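# Per-entry structural report
The lines below spell out each chain.
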Amino acid sequence: MDILRNIQERIGQLAETINRHNYNYYILANPTISDYEFDMLLKELEALELQYPQFRLPDSPTMRVGGQVTKEFPPFVHIKPMLSLGNSYSEEDLIDFDSQCKKWAEGRTFGYYIEHKFDGVSMSLHYEKGLLVRAVTRGDGVRGDEITANVKTIRTIPLRLNGVNIPDFIEIRGEVMILRTDFDKWNEERVLNGEERLMNPRNATAGSLKLQNSEEVAKRPLTFFAYQVATDEANSLTDYENVLRFAEWGFKTSGNQALCKNMVEVLLYIHQWESKRYGLEYDIDGIVIKVNEIPLREMIGYTAKAPRWAIAFKYPAEKAITEIESVDFQVGRTGKVTPVANLKPVLLAGTIVKRASIHNADEIKRLDLYYGDTVYVEKGGEIIPKITGVVTEKRIASALPIMFITACPDCGTTLINPEKEVNYFCPNEQFCPPQLKGRIEHYAHRKAMNIEGLGTEIISQLVDKNLIRNYGDLYSLRYEELIHLDKFGDLSARNLLKAIDESKKIPFERVLFALGIRHVGAVAAKKLTKHFGSLEALSMATSDTLTLVKDIGETMANTIVAFFKDGKNIAVIEKLKAAGIQLSQDKSIKGTESIVSGSSLNGFSFVISGVFEHASREAIKDKITALGGEVKSGITKKTTYLLAGSDAGPAKVEKATELGVSIISEQDFLKMIQ
Ligand code: IVH
């Protein structure tokens, strides 16, 4: 009994600690433990909950990891409709709004609560006795979809409201968003994995929320900003006080709200944010102005679609007029051809714009563009400005229409337009210079073969001088060839050769990622490695056997099969084989062993804690597994060593001491493997 009680207590403790760290990290942006330490706590809780599901708390932070698969999201009729907002575009519109509010308020005094209009996806959250029980999308305003499991994975949404005096039931509304930096990082990863770039954070948010597997949603960098208490009885007297309570309950608010005594102050805020909005960490599509006194709102009332006590102010999209000087057709790593207009430089939203993407052939047709056209460019939600219209009156009679090209500008191959695709592609994957340069760049990337010094410029020179035609050729490069490259000397040539040589130690799972098989990202490469163990086994897999691996879908399976069917790829792989690249998991262990003079950690089980001086935790983990050892998250009697860096978790050290597990330092470990 005592043991069970202890376990239940530990589960409670862990849940509380993890929730607190989540709050510190995601809401306060002030983490007090390392990511690794955090992961270890979470893993411990997961393991305990798996064994003792009866003790799993309804607000357990393990919900954040997801796992529930929902085939269809059930409809839910909103307790109160989710209305829209009236729009205003000028000072006059706002002054009209102000006099209307004053009229309906019949002489009572009030202020305006004003904040950013978040450009995301609106969401309604239901809390019963402080516990998050339901999350519903806006839908048509009357009826939305219940997507609770997906929403529970969003770290900035409290699973249980913090604090005292929590109402029995409360509905909170707000906006799910993706911050710009998170969005850019995600897009960078997608490009690395050969996936399409996402257009803007809002669409990416909407798509993420509707995924059927909440485990996938958990991987998306979603954030939530609360903006409204939708339950009358639970409301404070003013909106401003509501926001103070949001923060106390554990929600994130933008921190850029203001309380305005009158319309003059509102206009000042609006002017202030007109240019400042570009520096925000999230996208806004205007400013929302709301009567601050909640009891007055009912007096002021509603129209059929929107409250009369609130209005959205929309900034005019920043537009500029300029001319198209020429059009480049750029070929990307995947062969996709994108038309890019070179513009006469013009100032737009604080930056000089010289180029604008025209996206694809359909867009050229839709806009009916001619060379030399005078065009409008706008900065919308997307980072790259776009052409939104043409001043046709300014077109000269002899102007020629812009036609999409039929042959690749880099290699001359006839372009193809696959069915159901708006894009054109150059099919010459193997020899088209930007495609092969892109593939080599991916191969050399820090997260792939990590060949230091092999950047875009060098690759470009190597390909243009015909010294390499694929990544397999890297291993036969000679000093005499490198020394003649631009900006190259003795040292840089020797360093590059050394870095290329070093890449032979990279473990197979990263080699597999480096090959650049379409759709095979770092995570998939890891899973495929675990399942097949070697490139040879993988090359013999059929589409059917591949889809048996967890998370490997049909599209990826087909591209893998096609990759190994292509003789040109096989020829490159032969070169890698000859160079001694790790093409199997086992071989990678042997290979690394020989580097560290035969030492083996076979049968040793490690737990790692703290920060290390000579290598990252990932590198240490890799080394241990490469030498045949195991890395575990929690200490048990079976653990051989606790490898403790600086700031090692005190709980870990205590547990190790209690169980008689040896604690070793980084120095001890380095000695051990040498
Ligand atoms: S208050 C309509 N505040 O904009 C009831 N709404 O276009 C009052 N929105 O459906 C809503 N940021 O989803 C409010 N700071 C903010 C907002 C905001 C974004 C959304 C909201 C609403 C839509 C109307």
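Located above this text is the structure these notes cover.
Read on for a plain summary of the structure. It should be emphasised that the depicted structure is a prediction, and the values quoted were computed from it without experimental measurement.

Their axes nearest at 11 Å, the elements helix α3 (residues 91-104) and helix α9 (residues 263-276) cross at an angle of 145°. The interaxial crossing formed by α3 with α9 has right-handed handedness. From α3, E91, L94, F97 and D98 reach across to α9, where they touch M263, L267, I270 and H271. In terms of residue class, the contact of α3 with α9 is made up of five nonpolar, one polar and two charged.

For K568, the position within the fold is in helix α21 (residues 567-579). On the basis of relative accessible area, K568 is assigned to the partly exposed category, the value being 41%. In sequence terms K568 and Q430 are 138 residues apart; their C-alpha atoms lie 7.7 Å from each other. Non-local contacts of K568, meaning those with residues more than four positions away in its chain, are made with Q430 and F431.

Near the ligand there are 14 residues, and of these H116, F118, S122, Y227 and K290 occur at the shortest range. At a separation of 3.4 Å, an oxygen atom of the ligand approaches a polar backbone atom of L83. Residue H116 places a main-chain N or O atom 2.9 Å away from a nitrogen atom belonging to the ligand. Taking 510 Å² as the accessible area of the ligand by itself, protein coverage stands at 90%. Tallying contributions element by element places strand β3 (residues 112-118) first for the shell around the ligand, with four residues. When the residues that make up the shell around the ligand are grouped by side-chain class, the tally is six nonpolar, three polar and five charged.

This next bit is on the nonpolar core. One finds Y443, I451, L474 and Y475 to be the most contacted residues of the largest nonpolar core, which totals 55 residues. Taken together, the elements giving at least two residues each to this core come down to α12 (433-444), α13 (456-464), α15 (490-502), α16 (508-514), α17 (522-532), α18 (535-540), α20 (554-565) and α21. Setting aside residues no more than four positions away along its own chain, L474 makes contact with I440, Y443, I451, L454, I468 and I500.

Let's shift gears to helix α6 (residues 201-209). The complete set of buried residues in α6 reads P201, A204, T205, S208 and L209. Axial view of α6: buried residues confined to an arc of 130°, hence all on one face. For α6, the elements touching its buried residues are β4 (121-128), α4 (148-151), β7 (169-178), α5 (180-192), α7 (214-218) and β8 (222-229).

How each quantity is defined
- Counting from 1, residues in each chain are numbered in the order their sequence is written.
- Whole-chain, interface and lining totals are the exception, using all residues; otherwise, since this is a predicted model, local features are given only for residues with pLDDT of at least 70 and side-chain atom pairs are given and counted only at 80 or more.
- Only heavy atoms go into the side-chain values, all of them from the structure, while hydrogens and water stay out.
- What counts as an axis is a line fitted to C-alpha atoms, over the stretch in contact for a helix, and the angles between N-to-C directions run from 0 to 180 degrees.
- Here a helix means four or more residues in a row that DSSP labels H or I, a strand means two or more in a row labelled E, and each is numbered from the N terminus.
- Crossings are assigned a handedness: left-handed for a near helix turned anticlockwise from the far helix by less than a right angle, right-handed for a clockwise turn.
- We call two residues contacting when some pair of their heavy atoms lies within 4.5 Å.
- Amino acids are sorted into nonpolar (Ala, Val, Leu, Ile, Met, Phe, Trp, Tyr, Cys and Pro), charged (Asp, Glu, Lys and Arg) and polar (every other residue, Gly among them).
- The rule is simple: take the accessible area with a 1.4 Å probe, protein chains only, and divide by the maximum for that residue type; under 20% is buried, over 50% is exposed, in between is partly exposed.
- Each residue is tested against the molecule or strand, and it is near if at least one of its non-hydrogen atoms lies within 4 Å.
- Residues adjacent in sequence count toward polar contacts only when both atoms are side-chain atoms; beyond that, a polar contact is any pair of N or O atoms within 3.5 Å, and within protein one must be able to donate a hydrogen and the other to accept it.
- Calculation of accessible area relied on Shrake-Rupley with a 1.4 Å probe; when residues are assessed, cover is drawn exclusively from the protein chains displayed.
- Among buried residues, those of type Ala, Val, Leu, Ile, Met, Phe, Trp, Tyr and Cys that are joined through side-chain atoms within 4.5 Å constitute a nonpolar core.
- This arc is taken over the directions from the axis of the helix to the C-beta atoms.

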